[in-house]
Amino acid sequence: MSRLVVISNRVADPRKSAASGGLAVALGSALRASGGLWFGWSGSIVEEGTPGEGSLHTQRAGPVTLATVDLCRSDYDSYYQGYSNGVLWPVFHYRLDLANFDAGYIEGYRRVNQLFARKLMPLIQPDDILWVHDYHLIPLAAELRAMGCTNRIGFFLHTPLPPPLILAAIPQSEWLMRSLFSYDLAGFQSDVDLMHFARYALTEAHAEQVSDTCFRAYNSTLRAEAFPIGIDVDEFTTLAQGEEARQMYESTRRDYGHRRLLLGVERLDYSKGLPQRIRAFRKLLTRYPENQNRTTLIQIASPSRETVRSYTGLLREIESLSGSINGDFGDLDWMPIRYIHRNVARKRLPGLYQAAEVALVTPLRDGMNLVAKEFIAAQDPADPGVLVLSRFAGAAEQLKEALLVNPYDTDGMAEIIQQALQMPLPERQARHKSLLAGIRAQDVHWWRNNFLTALQESRSA
Ligand code: ADQ
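Keep in mind it's a predicted model, so treat the numbers as computed, not measured. (Residues numbered from 1 in each chain as written. Predicted model: local features only at pLDDT ≥ 70, side-chain atom pairs only at ≥ 80, totals over all residues. Heavy atoms only, no water.)

Colleague: How should the overall build of the chain be read in this particular structure?
Modeller: The secondary structure content of the chain amounts to 17 helices and 16 strands. Scaling as 2.2 N^0.38, a compact globule of 461 residues should have a C-alpha radius of gyration of about 23 Å, and the chain matches this with 23 Å. With respect to the principal axes defined by its C-alpha atoms, the chain has extents near 65 × 45 × 45 Å. Split into buried and exposed, the 461 residues of the chain put 59% on the buried side. Within the chain, counting contacts between residues at least 6 apart in sequence, those at least 24 apart form 78% of the total. Of the roughly 18400 Å² that the chain leaves accessible, carbon and sulfur atoms contribute 49%. (Helix = DSSP H or I, 4+ residues; strand = E, 2+ residues; numbered from the N terminus. Rg over C-alpha atoms; globule rule 2.2 N^0.38 Å. Buried < 20%, exposed > 50% of the residue type's maximum accessible area, 1.4 Å probe, protein only. Contact = heavy atoms within 4.5 Å. Areas by Shrake-Rupley, 256 points an atom, 1.4 Å probe, with all protein chains shown as cover.)

The structure is reproduced here in structure tokens:
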């Protein structure tokens, strides 16, 4: 069996996977099975460092080697904050209005990808199979190829890929597409993302489609497919039965007494549709007044990318919307929205999912959205909660028995939330049964195996 080398912006210690989440579990178990290397940024920023330079640190974690590189301040600012989070993240989530196409960022993005390639190259063995993750590292394969790397290299994009004319707004879009063709396999979250890739490749890059899954351009053949990412359902149901989840469930139920709970959990990000969700909640209270004094929205939004200006604006908007609902509708013993700006420990999260009657997962655009799948996995099949899911989350392609909403339609979303609150038990059970079977059949191990099998086959395709 070939050794697996995983490369991602951040590296997780597979021994602490319960704290890091499903992706770390999935990649960690693949790395442990074949022995392997996980390579990425250390998370350290060297204030006075030289651009394009950084020390390499390696440590063993059982059969897995963790190799990480430090970044200097200017590389961090241009590669991570600037190009990755200031250009690619907003554009890939269809938000051209939030992109900052500062000409200086691209240099840092290239420089760090070159630094990663330089540090990684000596660690690669001839039979290794390389799996690169996410938008931070699109040009990595091209940099490795330029240094003579002939290993199989696959790429998986965790975000959506927008339609060609949105992608084309990135000044370097042609270069990004050319860079993708240095991989053997490109994986996307959903069929829509794959379709956008194919349309861009055919119309803008003048690629030739040589088979159902293979495209030829820039003298290379690239296999491209959708691999919808899942969660480790067994790991999550085990967490759900744990003591910490039970305590969380009990304390939440105790604190909220007879109130019906709606729940939102995410990183604070403009892609997640939080202001739209809060407006829909206000509408729910005015249009269906029986919810006043009876229904509480718990909204957990963990801090994320706080130094980026669009995030601080979002934080203020959410606080102001929540504050005005609490002021207009709240009572001495009822706060309609509990907005919590912090992380919930992973082991406690299932308890919160269980205490809620309805989960509101309503992003404006999302690659997949794993919270939707975790909510399903945490439910008691005898008395499950209802998932209200945005049709613009990648997960909507799979989770058809959720109640799908358009997050831009405030009235429509309020109506669907009311429908979720009133759903009879047999319908809740039937929908949950089929959702659970779906996330079990297409869990994170299924995702990883499909990707790695396709990567193994990619050159004979
Ligand atoms: P994210 O945008 O981070 O991921 P998501 O898929 O929902 O979003 O996964 C987040 C993970 O973080 C989940 O395991 C969730 O439990 C956890 N999490 C989120 N908020 C939390 C909080 N407040 N407290 C504790 N834990 C929290 C990116 C893409 C997604 C894609 C994933 C995986 O943006 O579209 O689904 O990668 O590919």
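Back to the text.
Colleague: Where do I start with the packing of helix α9 (residues 233-241) against helix α16 (residues 425-441) in this structure?
Modeller: Packed helices, taken two at a time, are described by the angle their axes make and the gap between the axes. At their nearest, the axes of α9 and α16 sit 9 Å apart, and the two run at 125° to each other. Considering the angle they form, α9 stands oblique to α16. Residues Val-233, Asp-234 and Thr-237 of α9 lie in contact with α16, whose contacting residues are Leu-436, Ile-439 and Arg-440. Here the contact of α9 with α16 is composed, by residue class, of three nonpolar, one polar and two charged. (Axes fitted to C-alpha atoms, helices over the stretch in contact; angles between N-to-C directions. Parallel < 35°, antiparallel > 145°, perpendicular 65-115°, else oblique. Nonpolar A, V, L, I, M, F, W, Y, C, P; charged D, E, K, R; others polar.)

Colleague: Honestly, the side chain of Thr-237 in this entry has me stumped. Any pointers?
Modeller: Tracing the backbone shows Thr-237 in helix α9. Residue contacts for Thr-237: discarding those within four places in its chain leaves Ala-377 and Arg-440.

Colleague: Is there a simple way to think about the environment of Gly-394 in this case?
Modeller: Tracing the backbone shows Gly-394 in the loop between β15 (386-390) and β16 (403-405). The spacing of Gly-394 and Phe-39 is 355 residues in sequence and 27 Å in space, taken between C-alpha atoms.

Colleague: What's the story with the site of the ligand in this structure? I'm lost.
Modeller: Contacts to the ligand come from 23 residues, most closely from His-158, Asp-366, Met-368, Leu-370 and Glu-374. The backbone of Glu-266 places a nitrogen or oxygen atom 3.5 Å from a nitrogen atom of the ligand. Glu-374 is positioned with one of its side-chain polar atoms (N or O) 2.5 Å from an oxygen atom of the ligand. Considered on its own, the ligand offers 700 Å² of accessible surface; in the complex 85% of this is hidden by protein. Residue composition of the shell around the ligand, grouped by class: 10 nonpolar, six polar and seven charged. When residues of the shell around the ligand are sorted by domain, at least three fall in each of domain 1 (4-230 + 444-457) and domain 2 (233-441). (Near = heavy atom within 4 Å. Polar contact = N/O pair within 3.5 Å; in protein donor to acceptor, adjacent residues only side chain to side chain. Domains from an automatic or database assignment.)

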